[in-house]
Amino acid sequence: MHLDFDGAANGALTAPFDVCLFGTGPAGLSVALELAKTRKRIALVEAGGLEYTEDSQKLYEGSESGLNNWGALSNKRMRFFGGSSNCWSGRCGLFDEVDFAADTYHGLPGWPIPRKAVLEHLPRAIDILDLGAQSLATKPFKEGVRSSFLHASAAFSPPTRLGPKYRQALVESRNVVLATRANLVDLRLAGKSGGNAVLDHAVVKNYKGQTARISAKRYVVALGAVENARLLLNCDKQMPGGIGNHAGYVGRCFMEHLNVQIGRFVVRDQSFFSEKQAELSPARELLEGQRIGNGVFAANPDFIPKDYGRLRYFKQKLREGTCQYETIREYARKFGDFNCQGEGVITSLIEQCPNPDSRVSLTANVDALGLRKVNLHWAINEADRHTIRTLGMELAKEMARLDAARVQLSDFMLDKSQDIPVAHHAHHMGTTRMSNDPRHGVVDENCRVHGVANLYVGGASVFPTGGGTNPTLTIVLLALRLAKHLEKLG
Amino acid sequence: MSPRKRKMHRIRRDLLKLFLVWPLPLAALRTQAAEEYVIVDGWVMKRTDLQPKNAS
């Protein structure tokens, strides 16, 4: 059943539900799809409509400081049915064993659950994201050659837009009520159970300013890493500082994946680059030996550089001529970047360590719904700079040792006095981090908010560390684990 | 064995050990030097890259 909450037909939301899910991105929809198979009554609540609308997207707006995130708040996520699966690229990777290590290089506790706890849901996650029979295992850089870098775990979704794909199944499901254009604005607590507060009802508001209550046995908030933190911080009428913010971690440890162009390379042995994509990740021994974060490096050589446009013939001749002479080539690169045959740039996706100073916080400005807007302060620290420089240098050495290629590192990789130009990957993580110790986290290993008996958080905001690959597959795996947990609770 | 003889025996044994193992740290240093990388204009290269290719 589908209900457009703007139509004020809110009668369907008054019935008590077993589980109320807020957010229809990869996390919220994965939980909904699993619970739809059970006999539980589910309310699936989306703040936007079934399609993109300007008035909904505008509610993401806030301010940014720190590193330039190029409009992370309003441009990098979608506020309608399907969430950010409406704009993702489709690259999926499995977190390595080392990503789940409890012992970390940055001082804060790591994951409280082992990798195998999420891997048991892999077949279903592959099905949801349409990954088919693609292998997610890491492979040697070159068969039969021992190396400290491996071909990274990677599979590609078409990319699946989860909203259009699962909309009909959810609307036709007998035990699911899908409410769209219903913005979650408050979570109200009442009473205690076993020393924990109990969430009594949630308050939703439509775009005409009308409100309604939704009551359920359990609630899951899966609005994205920025909005999860924003909502919990805004709910501070009954819990000073916000729900789950007993240790001050709500909104803190905002993590991105660091996008750094570490340098340029020239192929020496083409047999190392016969794979479609040379995406390399460091071996566990290297990471543990150096005490650094994980990452993936894309080194795809340009074997047939192409030129485009009406002047392509002349451009091609100019390139060929320039590439023949090293002095001219290096001089020409001062005016514009280009590849000669067998060359390429090395780009990266590098883990950012959890840093309490990198955070989402509330400002005094309020949006049209009356919720305080956020300021996103994205910051990296010395441990991140060390990770970037060490991984880059080790990759360059390994390429030289194997005679696969020679790498020219960018100046900032060698000169520590220079700033590292870091871009983002639009992966928002860590603002409601998972830890079994309430002093170091917001949610426990089952994604339940510490101190609240029936409130759960879904999505990458619960990641205590961001790992060295794209997060969507892990988001879905964790959501499936959460669905199984909620199913067991009866 | 008298204490003096025992002492002499120990000194001879230690000298012999020293004589046998002294090349090892040097060899280790040499190996490290051979595997060292050099950085020229940002290019991370093996030290052997810098040797003339046609040197006899």
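Please refer to the structure placed before this passage.
Residues numbered from 1 in each chain as written. Chains lettered and ligands numbered in written order. Predicted model: local features only at pLDDT ≥ 70, side-chain atom pairs only at ≥ 80, totals over all residues. Heavy atoms only, no water.

(A) Local environment of the packing of aromatic side chains. Residue and element names in this part refer to chain A. If you walk through the whole model with that rule in mind, you get twelve aromatic pairs over all chains. Each ring, one from F149 and one from F297, has its centre 6.4 Å from the other, and the planes form 70°; the classification is edge-to-face. Placement of the pair is F149 in strand β7 (residues 149–151) and F297 in strand β17 (residues 295–299), with a sequence separation of 148 residues. A single burial state applies to F149 and to F297, both of which are buried. Ring centres of Y331 and F335 lie 5.3 Å apart, and the angle between their planes is 70°; on these two criteria the pair is classed as edge-to-face. A connected cluster of aromatic rings, assembled from ring pairs, spans F95, F100, W111 and F463. (Phe/Tyr/Trp six-rings, centres within 6.5 Å; stacked < 30°, edge-to-face > 60°. Helix = DSSP H or I, 4+ residues; strand = E, 2+ residues; numbered from the N terminus. Buried < 20%, exposed > 50% of the residue type's maximum accessible area, 1.4 Å probe, protein only.)

(B) A look at the environment of R91 of chain A. All names here are of chain A. Structurally, R91 is set in strand β5 (residues 91–92). A distance of 2.6 Å separates a polar atom in the side chain of R91 from a polar atom in the side chain of E279. For R91, the side chain forms a polar contact with the side chain of T469, separated by 3.1 Å. (Polar contact = N/O pair within 3.5 Å; in protein donor to acceptor, adjacent residues only side chain to side chain.)

(C) Region of the structure containing the nonpolar core. All names here are of chain A. L170, L187, F273, M399, L455 and L473 are the most contacted members of the largest nonpolar core, which has 137 residues in total. Among the elements that line this core, the one with the most residues is helix α13 (residues 472–488), at ten residues. Once residues lying within four places of it in the same chain are set aside, the contact partners of L455 are L187, L199, Y219, V221, L232, I243, C447, R448 and V449. Formed by five residues, the second largest nonpolar core is a distinct cluster that contains L59, V185, L369 and L371. (Core = buried A, V, L, I, M, F, W, Y, C linked by side-chain atoms within 4.5 Å. Contact = heavy atoms within 4.5 Å.)

(D) Structural detail: the state of the cysteines. Residues and elements named next belong to chain A. If you walk through the whole model with that rule in mind, you get one disulfide over all chains. Put simply, C323 and C340 are joined by a disulfide, and their sulfur atoms are 1.9 Å apart. Sign of the S-S torsion, about -85° for the bond between C323 and C340, identifies this disulfide as left-handed. Residue C323 is found in helix α9 (residues 312–324), and its partner C340 is found in the loop between α10 (326–332) and β18 (343–351); the two are separated by 17 residues along the sequence. Judged by its relative accessible area of 4%, C340 falls in the buried class. For C253, which is in no disulfide, the shortest distance to another cysteine sulfur is to C353 and amounts to 8.6 Å. (Disulfide = S-S within 2.5 Å.)

(E) The interface of chain A and chain B, seen in detail. Listed by partner, the interface residues are 14 residues for chain A and nine residues for chain B. Carbon and sulfur atoms make up 62% of the area that chain A and chain B hide from each other, which totals about 1000 Å². Interface area lost by chain A to chain B is led by K397, R406 and Q408 of chain A, which between them contribute 41%. Between chain A and chain B we count two salt bridges in total. Taking the shortest distance from any N to any O, the salt bridge between R406 of chain A and D49 of chain B comes out at 2.6 Å. In this assembly, chain A and chain B are joined by four residue pairs in polar contact (both at pLDDT 80 or more). (Buried area = accessible area lost by both parts, 1.4 Å probe. Salt bridge = Lys/Arg side-chain N within 4 Å of Asp/Glu carboxyl O.)

(F) Summary view of the environment of G163 of chain A. All names here are of chain A. Inspection of the secondary structure puts G163 in helix α6 (residues 162–172). Along the backbone, G163 and E97 are 66 residues apart, and their C-alpha atoms lie at a distance of 31 Å. When sequence neighbours within four positions are dropped, the list of residues in contact with G163 reads L29, F81, G82 and S85.

(G) Structural context of the side chain of N86 of chain A. Residue and element names in this part refer to chain A. Within the secondary structure, N86 is located in the loop between α3 (72–75) and β5. On the basis of relative accessible area, N86 is assigned to the buried category, the value being 18%. At 3.0 Å, the side chain of N86 and the backbone oxygen of F81 are in polar contact. Setting aside residues no more than four positions away along its own chain, N86 makes contact with M78, F80, F81, R161 and P164.

(H) How the structure looks around the environment of T347 of chain A. Residue and element names in this part refer to chain A. In this fold, T347 is placed in strand β18. With 265 residues separating them along the chain, T347 and G82 place their C-alpha atoms 29 Å apart. Setting aside its immediate chain neighbours within four residues, T347 contacts V260, Q261, V296, F297 and A298.

(I) The sheet that holds strand β19 (residues 359–366) of chain A, seen in detail. Residues and elements named next belong to chain A. On the basis of which strands lie adjacent, the open sheet formed by three strands has the order β4-β20-β19 and mixed pairing. Each of the sheet's edge strands pairs with one partner strand only, and the pair in question is β4 (63–66) and β19. Neighbour to neighbour, the strand axes of the sheet diverge by 30° on average, direction disregarded. With five bridges connecting them, β19 and strand β20 (residues 372–378) associate as antiparallel partners. Along β20, the bridge assignment pairs V360 with L376. Those strands touched by helix α7 (residues 225–234) are β19 and β20, and its axis lies near 60° from that of β19. (Pairing = 2+ DSSP bridges. Axes fitted to C-alpha atoms, helices over the stretch in contact; angles between N-to-C directions.)

(J) Molecular detail of helix α1 (residues 26–35) of chain A. All names here are of chain A. Along α1, ten of the ten residues are buried, which leaves the element largely enclosed by surrounding structure. P26, A27, G28, L29, S30, V31, A32, L33, E34 and L35 are the residues of α1 that are buried. In this fold, the buried residues of α1 make contact with β2 (17–22), β3 (42–45), α5 (122–128), α6 and α13.

(K) Molecular detail of helix α11 (residues 382–402) of chain A. All names here are of chain A. Here α11 contains 21 residues, and its C-alpha end-to-end distance of 30 Å stays within 8% of the 30 Å for a straight helix at 1.5 Å per residue. In terms of residue burial, α11 counts as a mostly covered element, since 15 of its 21 residues are buried. Here α11 starts with a cap whose side-chain oxygen sits 3.2 Å from the backbone nitrogen of A383, and that cap is N381. In the segment just after α11, D403 is the residue with positive phi, at about 60°. (Expected span 1.5 Å × (residues − 1).)

(L) Looking closely at the packing of α1 of chain A against α13 of chain A. All names here are of chain A. At a closest axis distance of 8 Å, the pairing of α1 and α13 adopts a crossing angle of 35°. In terms of crossing hand, the pair formed by α1 and α13 is right-handed. Every residue of α13 that contacts α1 at P26, A27, S30, V31, E34 and L35 is listed here: T472, I475, V476, A479, L480, L482, A483, L486 and E487. (Left-handed = near helix turned anticlockwise from the far one by under 90°.)

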